[in-house]
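Below are the chains, spelled out letter by letter.
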Amino acid sequence: MVICSVLAIFSLFSKAMASARERTFIMVKPDGVQRGLVGKIIKKFESKGFKLVAMKFTWSSEEHLKKHYADLAGRPFFPGLVKYMSSGPVVPMVWEGLNVVKTGRVMLGATDPKDSAPGTIRGDMCIQVGRNVIHGSDSVESAQKEINLWFDQKELIAWQPAVEAWVYED
Ligand code: DAT
Ligand code: MG
């Protein structure tokens, strides 16, 4: 009985720890870079309390972007999407924290900026769906795939922010 309770508490604790370590893939798109929005976008994730795990500044190839957007290969906008995404440098990042995938999507706002709420990144910083400044993973599974596509394991930095105890209650 006592052992069962201890195990139950331990399992709840490790579940909470696992979701606190959830990771998402966020990328400032070429229009976000060209328009000088990189700092503003990073600031939103930093001030929310999420932890930066990896980041780079890179100009991606059409071939790589076709892999990133493989799920959308059949859509009519796919060729234009790949061309736009490879038209300039981007800032791919990995952010970590409790429910970061879902919360990240909320922070981005709806795919089409005309439907994105004010206060969200897309709601405040762009106008058209084909120039919507930022990408964010839509599930934990796609986050994992996208992180592996854009980063080597050694580029994911293990560190403990000094403020962590002031962001999470336990
Ligand atoms: P999201 O980026 O919100 O995950 P998605 O995965 O459905 O949206 O599409 C990927 C990107 O493709 C999106 O950010 C912008 C572009 N896109 C989506 N729908 C589009 C459309 N109807 N016309 C033009 N571009 C579109
Ligand atoms: Mg998507």
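Cut-offs applied
- Residues numbered from 1 in each chain as written.
- Chains lettered and ligands numbered in written order.
- Predicted model: local features only at pLDDT ≥ 70, side-chain atom pairs only at ≥ 80, totals over all residues.
- Heavy atoms only, no water.
- UniProt positions renumbered as here; feature names shortened; annotations may be inferred.
- Buried < 20%, exposed > 50% of the residue type's maximum accessible area, 1.4 Å probe, protein only.
- Contact = heavy atoms within 4.5 Å.
- Polar contact = N/O pair within 3.5 Å; in protein donor to acceptor, adjacent residues only side chain to side chain.
- Helix = DSSP H or I, 4+ residues; strand = E, 2+ residues; numbered from the N terminus.
- Phe/Tyr/Trp six-rings, centres within 6.5 Å; stacked < 30°, edge-to-face > 60°.

Trainee: Help me out: how do you make sense of the UniProt feature "binding site: ATP" (unreviewed entry) in the chain in this one?
Mentor: In the numbering used here, UniProt assigns the feature "binding site: ATP" (unreviewed entry) to Lys29, Phe77, Arg105, Thr111, Arg122 and Asn132. Judged by its relative accessible area of 4%, Arg122 falls in the buried class. With residues near it in sequence (within four places) discarded, Arg122 still touches Lys29, Leu108, Gly109, Ala110, Thr111, Pro113, Ser116, Asn132, Ile134 and His135. Here the side chain of Arg122 touches Gly109 through a polar contact of 3.3 Å, landing on its backbone oxygen. Its relative accessible area of 2% is what places Asn132 among the buried residues. For Asn132, the residues in contact, after removing those within four places along its chain, are Lys29, Asp31, Tyr84, Thr111, Pro113, Arg122 and Cys126. A distance of 2.7 Å separates a polar atom in the side chain of Asn132 from a polar atom in the side chain of Lys29.

Trainee: Looking at this structure, I do not really get unusual backbone geometry. What am I missing?
Mentor: Negative phi is the rule for most residues except glycine; trans is the rule for most peptide bonds. One non-glycine residue, Asn99, adopts positive backbone phi at about 55 degrees. When you line up the elements, Asn99 lands in the loop between strand 3 (91-96) and helix 6 (100-108). Asn99 gets classed as partly exposed once you look at its relative accessible area, which sits at 40%. Located in the positive-phi region is Val133, a residue other than glycine, with phi close to 55 degrees. Note on placement: Val133 falls in the loop between helix 7 (121-125) and strand 4 (134-136). The exposure class assigned to Val133 is buried, which follows from its relative accessible area of 0%.

Trainee: Please explain the packing of aromatic side chains as it appears in this structure.
Mentor: Think of a pair of aromatic rings as described by two things: how far the centres are apart, and how the planes are tilted against each other in angle. Enumeration according to the criterion identifies three aromatic pairs in this entry. Ring geometry for Phe25 versus Trp150: centroids 5.6 Å apart, planes at 25 degrees, classification stacked. Of the two residues, Phe25 sits in strand 1 (residues 23-28) while Trp150 sits in helix 8 (residues 140-150), which places them 125 residues apart along the sequence. For the residue pair Phe25 and Trp150, the accessibility class agrees, reading buried in each case. Three or more aromatic residues joined by ring pairs form one cluster here, namely Phe25, Trp150 and Phe151.

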